[in-house]
Amino acid sequence: MRGWWRDLTDLVLPAECGGCGTPRTVLCPECRDALTGAAPCRVRPVPEPAGLSVVHAAAPYGDEVRAMLLAHKERGALALAAPLGAALAGAVRAGLGSAGRPGPAERPTASQGRQGFGKGDVRGERAGPGGGGARVRETGTGGGRAGPAGAGRGSVLLVPVPSARWAVRARGHDPVRRIALAAAAELRRTGTPARVLGVLRQHRAVADQSGLNSRQRAANLAGALEVVAGGERLLAEGGRVVLVDDLMTTGASLAEAARAVRAARPGVRPLRWTGERTGPVEVYGRIGGREQAEGRSGEVVCSAVIAAPPDAFEINRN
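Sequence order as written defines residue numbering, which begins from 1 separately in each chain. Residues qualify for local features only when their pLDDT is at least 70, as the model is predicted, and side-chain atom pairs are given and counted only at 80 or more; totals for whole chains, interfaces and linings, by contrast, use all residues. The side-chain figures draw on all heavy atoms in the structure; neither hydrogens nor water molecules are used.

Draft legend 1. Representation of the overall build of the protein within the structure. Where helices and strands are cited, they refer to DSSP runs of H or I of at least four residues and of E of at least two residues respectively, numbered from the N terminus. Broken down by element type, the protein carries ten helices and ten strands. The rule is simple: take the accessible area with a 1.4 Å probe, protein chains only, and divide by the maximum for that residue type; under 20% is buried, over 50% is exposed, in between is partly exposed. Looking at the protein as a whole, 53% of its 318 residues are labelled buried. As presented, the protein carries roughly 13,900 Å² of accessible surface, and 51% of it is formed by carbon and sulfur atoms. Using a 1.4 Å probe, accessible areas were evaluated by the Shrake-Rupley method; residue-level cover was limited to the displayed protein chains.

Encoded structure:
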């Protein structure tokens, strides 16, 4: 009931901008530009954890973007799921190297534009106000039948990094799953078959990550995730697997998620750059070169997040 009522009030009566507090708007133009005003690009934490697949982010984590993510996650500003999902969809497109939505021809990358700020039962589940549990959650591909008939080489499987059950209960919703559902809807709207597979769960308790350094976070999460019963079959039905999260800091969560997926499907490895260049690719209307990468249907192709620390964008500077 609490989640349903929050959904309704947020949609009908937006209180203030999630980024700056401007009244009577979900997201003001300036904050929207901070979120999606630049083309997503690759990010890399330093040090980079072993097993981390290629990660793309929509925006640096700071100021307005930080406020948006916290408002959605901790204060239940659920109307922000749509713009945050659109930003995540952009990062997914960038990671897959597919064409993005139309945009300015000279649109800068996120690093260029923002350098200045200082086992359970298997069942399908539609988007809803709550979250949690160990069920496999799957959405349809939109405009067609869900499941294997809609899967294939061109489809995208968004696999959210799971939140702890206690955190989902405390917040009243699962922020990452909600954003992933919005991202999948945005991808389908722009012609990319996509669905969300909630096939990961925490099978042991982990400590709060706040205040932990990169090495401590990696140790805290090592072996903590697993694919739920039946998840292997869904992953094997085809599609390019993209691990998604709202924020990357040290990369430990994404690396552990990639390990869990690989453990469920022996022989699978994360996508890594070869360092070679291929032809041009368009992302958000911006044309640029793309590095050669390898991947196959059903493996972890890449990871995508909404935000990452500004210094994680350093790899994009010459």
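Draft legend 2. Molecular detail of the environment of Ala 67. For Ala 67, the location among the structural elements is in helix H3 (residues 63-74). Counting along the chain gives 49 residues from Ala 67 to Gly 18, while the straight-line C-alpha distance between them is 6.4 Å. Other than its neighbours up to four places away in sequence, Ala 67 contacts Gly 18, Gly 19 and Arg 75. Between two residues, a contact is recorded if the distance between any of their heavy atoms is within 4.5 Å.

Draft legend 3. Summary view of the nonpolar core. Each nonpolar core is a collection of buried residues, namely Ala, Val, Leu, Ile, Met, Phe, Trp, Tyr and Cys, held together in the definition by side-chain atoms within 4.5 Å. Counting 37 residues, the largest nonpolar core has Leu 84, Val 92, Leu 158, Val 242, Val 244 and Ile 306 as the members making the most contacts within it. With seven residues, the top contributor of residues to this core is helix H4 (residues 81-96). Setting aside residues up to four positions removed in sequence, Val 244 forms contacts with Leu 88, Val 92, Leu 158, Val 159, Pro 160, Val 161, Val 176, Ala 180 and Ala 304. Grouped together as the second largest cluster of nonpolar side chains are 29 residues, Val 161, Leu 254, Ala 260 and Ala 308 included.

Draft legend 4. Fine view of the packing of helix H2 (residues 29-36) against H4. Simply put, an axis is a line fit to the C-alpha atoms, just over the touching stretch for a helix, and the angle between two N-to-C directions goes from 0 to 180 degrees. At a minimum axis distance of 9 Å, the contact between H2 and H4 shows a crossing angle of 30°. Relative to H4, the element H2 lies roughly parallel. Every pair of crossing elements has a handedness; the one defined by H2 and H4 is right-handed. From H2, Arg 32, Leu 35 and Thr 36 reach across to H4, where they touch Pro 83, Leu 84 and Ala 87. Residues are grouped as follows: nonpolar covers Ala, Val, Leu, Ile, Met, Phe, Trp, Tyr, Cys and Pro; charged covers Asp, Glu, Lys and Arg; every other residue, Gly included, is treated as polar. Split by residue class, the contact of H2 with H4 holds four nonpolar, one polar and one charged. These descriptions rest on fixed angle ranges, namely under 35 degrees for roughly parallel, over 145 for roughly antiparallel, 65 to 115 for roughly perpendicular, and the rest for oblique. Note: crossing handedness is left-handed where the near helix turns anticlockwise from the far helix by less than a right angle, and right-handed where it turns clockwise.

Draft legend 5. Up close: the sheet that holds strand E1 (residues 41-43). A pair of strands counts as paired when DSSP detects no fewer than two bridges linking them. With mixed pairing, the six strands of this open sheet are ordered in space as E1-E2-E10-E7-E3-E4. Pairing within the sheet leaves two strands with one partner each, and these edge strands are E1 and strand E4 (194-196). Pairs of neighbouring strands in the sheet enclose a mean axial angle of 35°, with direction left out of account. The pairing of strand E3 (residues 156-160) with strand E7 (residues 240-247) spans five bridges and is classified as parallel. By the bridge assignment for E7, Leu 158 is matched with Val 242. Sitting on the sheet, H3 touches strand E2 (55-60), E7 and strand E10 (300-308), and the angle it makes with E10 is about 105°. Against the sheet, helix H7 (residues 175-189) engages E3, E4, E7 and E10, with an angle of about 165° to E4.

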